[in-house]
Structures are given as structure tokens and as C-alpha cells.
Amino acid sequence: MIFIAVKFRVLPEHADRWPEVVEEFTRATRAEPGCLWFDWSRSIADPAEYVLVEAFRDDEAGAAHVGSAHFKAAQQSLPPHLAETPRVINVKVPQDDWSLLGEMAVDED
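Basis of the calculations
- Residues numbered from 1 in each chain as written.
- Predicted model: local features only at pLDDT ≥ 70, side-chain atom pairs only at ≥ 80, totals over all residues.
- Heavy atoms only, no water.
- Buried < 20%, exposed > 50% of the residue type's maximum accessible area, 1.4 Å probe, protein only.
- Helix = DSSP H or I, 4+ residues; strand = E, 2+ residues; numbered from the N terminus.
- Arc of directions from axis to C-beta.
- Contact = heavy atoms within 4.5 Å.
- Polar contact = N/O pair within 3.5 Å; in protein donor to acceptor, adjacent residues only side chain to side chain.
- Salt bridge = Lys/Arg side-chain N within 4 Å of Asp/Glu carboxyl O.

Asker: Whenever I open this one, helix α3 (residues 59-67) confuses me. Can you help?
Answerer: The α-helix advances 3.6 residues per turn, and as a result positions three or four apart in sequence lie on the same side. Listed as buried for α3 are A61, G62 and H65. Along the long axis of α3, the arc covered by the buried residues comes to 100°, so they all point the same way. Residues of α3 that are exposed and point more than 90 degrees away from the buried face comprise E60 and A63. Check the buried side of α3 and you find it contacts β1 (2-9), α2 (23-30), β2 (35-42), β3 (49-56) and α4 (69-77).

Encoded structure:
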């Protein structure tokens, strides 16, 4: 799978509204057949920073995402809300889901 983490530093005046700003983009991306997950989190240390953790099945699914109409729309609609260019980590991982963190295993009896 392709695993991607992106940090978005949002302008302070838009930070509380960011989930609304990205709602349509998020919904459309999650509906893509090759999208495994597309999840937003807000930083505790910096309320103007959001982290997007996303994964796509393979290169073809990643290319379909970047070529989609909703991605192109986001390229136009999101930057006016940002304080800086987002930072990204993009790697291929030889699995297709999250692994369990054995060091913190929970007894499920």
C-alpha cells in the first residue's frame, strides 16, 4: 500500500473550521475504490496544525486519487486556508492494513 502522512498548518482564523473546509474532499476521497483510509487529526500542541493519515491500495489507486476532480478542486480551494505549504511523508508499505502494537496488547477476554 501507499502510506501518506501530511501536516497542514492552517491559518489561525480557519483552524476551527478546517473539518468543514475539507469535508467534501474527505468524503469524495474516502469513496474512492482504492482508498484504504483518509483520517484527519488535530494537534494537541498546536491547534492550527492538522495531520492527515491516508493510505491507498497501490500506485494505480494513488494515481487515480491525484488525478481525480476532487483532488484538483482541493488544490484550488485549500491553499487560501493554509499558513504554509503542507509537509508530507509518502512511502510504500508491504501490507494492506494497520498492524497490532504488540507492546501494548489488550487482553480481549
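Next comes the rest of the description.
Asker: Even after reading the chapter, I still don't get the side chain of H14, so can you show me in this structure?
Answerer: As for its placement among the helices and strands, H14 is situated in the loop between β1 and α1 (18-21). A residue is classified by how much of its surface remains accessible, and H14, at 17% relative accessible area, is buried. Engagement of the side chain of H14 in a polar contact is seen with the side chain of H81, the distance being 3.2 Å. Sequence-distant contacts of H14, that is, excluding residues within four places in its chain, are made with P80 and H81.

Asker: Got a minute to help me understand the pattern of salt bridges in this structure?
Answerer: Side chains that differ in sign of charge can pair as their charged atoms come close. The final tally for this structure, using the stated rule, is 10 salt bridges. For the salt bridge of D39 with R30, the shortest nitrogen-to-oxygen distance reads 3.5 Å. Exposure remark for D39: the relative accessible area of 36% places this residue in the partly exposed category.

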